[in-house]
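# Summary of the model geometry
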Amino acid sequence: MKKALLLASLIAVAGLAQAETATYAIDPTHTYATFEMRHFGTSTNRGRFDKKEGTVQLDKAAKTGKVEITIDMNSIDTGFSKFDSHLKSAEIFDSAKFPSAKFESTKFNFSGDKVTSIDGNLTLKGKTAPVSLKAVNFNCYENPMLKREVCGGDFETTFDRVQFGADYGVSYGFPKDVKVVIQVEAIKQ
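Computed from a prediction, not measured in an experiment: that's the story for all the values here. (Residues numbered from 1 in each chain as written. Predicted model: local features only at pLDDT ≥ 70, side-chain atom pairs only at ≥ 80, totals over all residues. Heavy atoms only, no water.)

### What to know about the environment of Thr-158
Operational definition: The numbering of helices and of strands both runs from the N terminus, where a helix is a DSSP run of H or I of at least 4 residues and a strand a run of E of at least 2. Each residue is placed in one exposure class: buried if its accessible area under a 1.4 Å probe, protein chains only, is under 20% of its type's maximum, exposed if it is over 50%, and partly exposed if it falls in between. A contact between two residues is defined here by any heavy atoms of the two lying within 4.5 Å.
As for its position among the elements, Thr-158 is in strand 10 (residues 148–160). Take Thr-158: its relative accessible area is 47%, and that puts it in the partly exposed class. Distance from Thr-158 to Lys-176, taken between C-alpha atoms, is 9.9 Å for residues 18 residues apart in sequence. Beyond its immediate stretch of four places on either side in the chain, Thr-158 contacts Asp-177, Val-178 and Lys-179.

Below, the structure written as structure tokens:
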């Protein structure tokens, strides 16, 4: 009888642990993906992508999670329309052929209750490579206006754009490294 009760308790606890996974929808009004790239070692070109969508699953007790974010490459905005058009062209992002980029996580890393980084795969221009997003800030809070939990933070990574076939200007001296900064907030569903 004790073994049956112990087994039933373990099954119940396992069920509770799975039940703690919460799904969050990316809030597009508080989520931005921006990039920075040095220009001949003198100044920094910056831009952002205005259209994005995705979901986050987070189990704080188990310290696991999953994230998928899709970015509309045609929504790039540098503040200069001619530069935007060049970035969308076949020479760089080829957004007519590859209209979206996607990040899919493979692992959430924690220190205590805080997410410290998210490892995953970035797909850009039809090529996929691993990246790790370092959490500069991470927090969950009860949003007083929405009356729901919101989790998010600031994440950043630097990657070699050549591995995705975005090698325009490298032969002229443009650096290969691109810094990406993601400000994200997601609302519990």
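From this point on, the discussion continues.
### Things to note about the environment of Asn-45
Mapping Asn-45 onto the fold places it in strand 3 (residues 43–49). Between the alpha carbons of Asn-45 and Phe-35 there is a distance of 8.1 Å; along the sequence they are 10 residues apart. Those residues in contact with Asn-45, other than ones at most four positions away along the chain, are Phe-35, Glu-36, Met-37, His-39 and Phe-83.

### What about the state of the cysteines?
Here, disulfide denotes a covalent bond that connects the sulfur atoms of two cysteines. Which entries qualify depends on this criterion: Any cysteine sulfur atom paired with another within 2.5 Å is treated as part of a disulfide.
Counting across every chain of the model gives one disulfide. Covalent S-S linkage joins Cys-140 and Cys-151, the inter-sulfur distance amounting to 2.0 Å. Since a negative S-S torsion denotes a left-handed disulfide, the Cys-140-Cys-151 link at about 110° is right-handed. You can see Cys-140 sitting in strand 9 (residues 127–143) and its partner Cys-151 sitting in strand 10, a full 11 residues away along the chain. For Cys-140, a relative accessible area of 22% corresponds to the partly exposed category. Looking at Cys-151, the relative accessible area reads 7%, which means it is buried.

### Quick word on the confidence of the model for the protein chain
Defined as follows: Per-residue confidence from the prediction method is given by pLDDT, with values spanning 0 to 100.
Here the protein chain averages 90 in pLDDT, while 90% of its residues score no lower than 70. Counted against residues more than four places away or in other chains, residues 4–13, with its pLDDT under 50, gives zero contacts.

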